[in-house]
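# Secondary and tertiary structure notes
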Amino acid sequence: MTDNVQFARMNGLGNKILVVDMRGRKDRVTPAAAIALNADPATAFDQIMAIHDPKAAGTDAWIDIVNCDGSMAQACGNGTRCVVQALAAETGKKAFTFQTVAGILNAAEHEDGTISVDMGKPVFAWNRIPLAEEFADTSRIELQIGPIDNPVLHSPSAMSMGNPHAVFWVDKDPMSFDLDRFGPLLENHPMFPERANITLAQVLSPASLRTRTWERGAGLTLACGSAACAAAVSAARTGRTGRKVTIDVSSAPAPAKLTIEWRERDDHVIMTGPAEWEWSGTLNPTTGTWQREGAEASGAQAL
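Below is a short write-up of the structure. (Residues numbered from 1 in each chain as written. Predicted model: local features only at pLDDT ≥ 70, side-chain atom pairs only at ≥ 80, totals over all residues. Heavy atoms only, no water.)

## A short note on the side chain of Ser-160
For the record, the criterion: By the criteria applied, helices consist of DSSP H or I runs no shorter than four residues and strands consist of E runs no shorter than two, each listed in order from the N terminus. For this analysis, a polar contact is any N or O atom pair within 3.5 Å, provided that within protein one partner can donate a hydrogen and the other can accept it, and provided that sequence-adjacent residues contribute only side-chain to side-chain pairs. The criterion used for residue contact is that any of the two residues' heavy atoms lie within 4.5 Å.
Relative to the assigned elements, Ser-160 resides in strand β11 (residues 157–160). Here Gly-162 takes part through its backbone nitrogen, which lies 3.0 Å from a polar atom of the side chain of Ser-160. Within the structure, Ser-160 has its side chain in polar contact with the backbone nitrogen of Asn-163 (distance 3.4 Å). Ignoring sequence-local partners within four residues, the contact set of Ser-160 consists of Pro-122, Val-123, Arg-128 and Ile-129.

Structure follows, in structure tokens:
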């Protein structure tokens, strides 16, 4: 087994992704490698999407998702779109079925280059999110930051999209809040025994939201696909919007938006949006040492 593997530096609406090809190998990207890669500005990332050989019949790959702190994640919608783009460029296929620790994900690339990912069904039961306290209705739980009589953030909607989320509703631009200060406190709040992704969501219309997310294990992120799904579902669940919305990720560098549909016929959440290839290289999945390959090119590239 050679020491190095191929990887691609990609992004989904600015969400920094490393897609690592671990097919044909038995080892995994180590936490030490992830931490080393994130420490280098050239390879700093939000999630590593490590593609492994499939474990189940009828699937195209097993995907390990690694946060920049070396911890494992259960879901990453923006990263899944990046995997689809890379594998579509390599194989010519347009539809894929992936397996992760959170379950099965179906995804497809469209003619316009956008990619849809079936993120599965949302989970609302307090003990499956999970929360540390029992709530009969998790669309509004008791949690706040700031003075009791004038909290800065309060009463979030809680749910799981394969990973735990808390969505705080705000009435002004999410970029105007000190999420870098509140985010760590809320991510690690005792209410969330497995920590949580923290999202600020502003309703723009019955069919549109603006969001900003502090991502569990990654911190402030330019975009978070599963958080966008959580915000869209929570907005529909609380009557703020319909079941299909566009998400303006306020911190994302690109003007493109995500479209999220909480499908009524089966309760599945479908996320559609772009992915972008930046450059490719090789890395050591044990140590995190890496090397960039070739000159810059444009368009989707195979691994």
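Text resumes after the structure shown.
## Notes on the pairing of strand β4 (residues 61–67)
Quick note on the threshold: For each residue, the accessible area found with a 1.4 Å probe, counting protein chains only, is set against the maximum for its type, and the residue is called buried under 20%, exposed over 50%, and partly exposed in between. Each pair of strands is called paired provided DSSP finds at least two bridges between the two strands.
The buried fraction of β4 amounts to seven of the seven residues, a majority that puts the element mostly inside the structure. Residues of β4 alternate between two faces, with Ala-61, Ile-63, Ile-65 and Asn-67 on one and Trp-62, Asp-64 and Val-66 on the opposite face, all of them buried. The sheet contact formed by strand β3 (residues 47–52) and β4 spans six bridges and is antiparallel. Residue Met-49 lies in a different strand from β4, and its bridge partner there is Ile-65. Of the strand pairs in this sheet, β4 and strand β6 (residues 95–100) are connected by two bridges, and their pairing is parallel. In the strand pairing of β6, Trp-62 is matched with Gln-99. Relative to strand β5 (residues 72–73), β4 is paired through two bridges, and the arrangement is antiparallel.

## Section: helix α3 (residues 179–187)
Note the cut-off: Directions from the helix axis toward the C-beta atoms define the arc.
Within α3, burial applies to Leu-179, Phe-182, Gly-183, Leu-186 and Glu-187. For α3, the arc enclosing every buried residue in end-on projection is 125°, short of the 170-degree limit, so these residues lie on one face. Turned more than 90 degrees off the buried face of α3, the exposed positions are Arg-181 and Leu-185. Looking at the buried residues of α3, the elements they touch are β9 (144–145), β10 (153–154), β12 (164–169), β13 (197–205), β14 (208–215) and β15 (219–221).

## Considerations on helix α2 (residues 77–91)
Quick reminder of the rule: What a helix should span is 1.5 Å times the count of its residues minus one.
The end-to-end C-alpha distance of α2, which contains 15 residues, comes to 21 Å, matching closely the 21 Å that a straight helix rising 1.5 Å per residue would cover. Among the 15 residues in α2, 12 count as buried, and that is most of the element. Positive phi shows up at Gly-92, right after α2, with a value of about 85°.

## Comments concerning unusual backbone geometry
Here the residue pair Ile-129 and Pro-130 is connected by a cis peptide bond, since its omega of -5° sits within 30 degrees of zero. The topology assignment puts Pro-130 in the loop between β8 (115–118) and β9. One non-glycine residue, Ser-155, lies in the positive phi region at around 50°. The buried category is assigned to Ser-155, whose relative accessible area is 14%. Positive phi values are uncommon outside glycine, yet Arg-195 reaches one of about 60°. Secondary-structure assignment places Arg-195 in the loop between α3 and β13.

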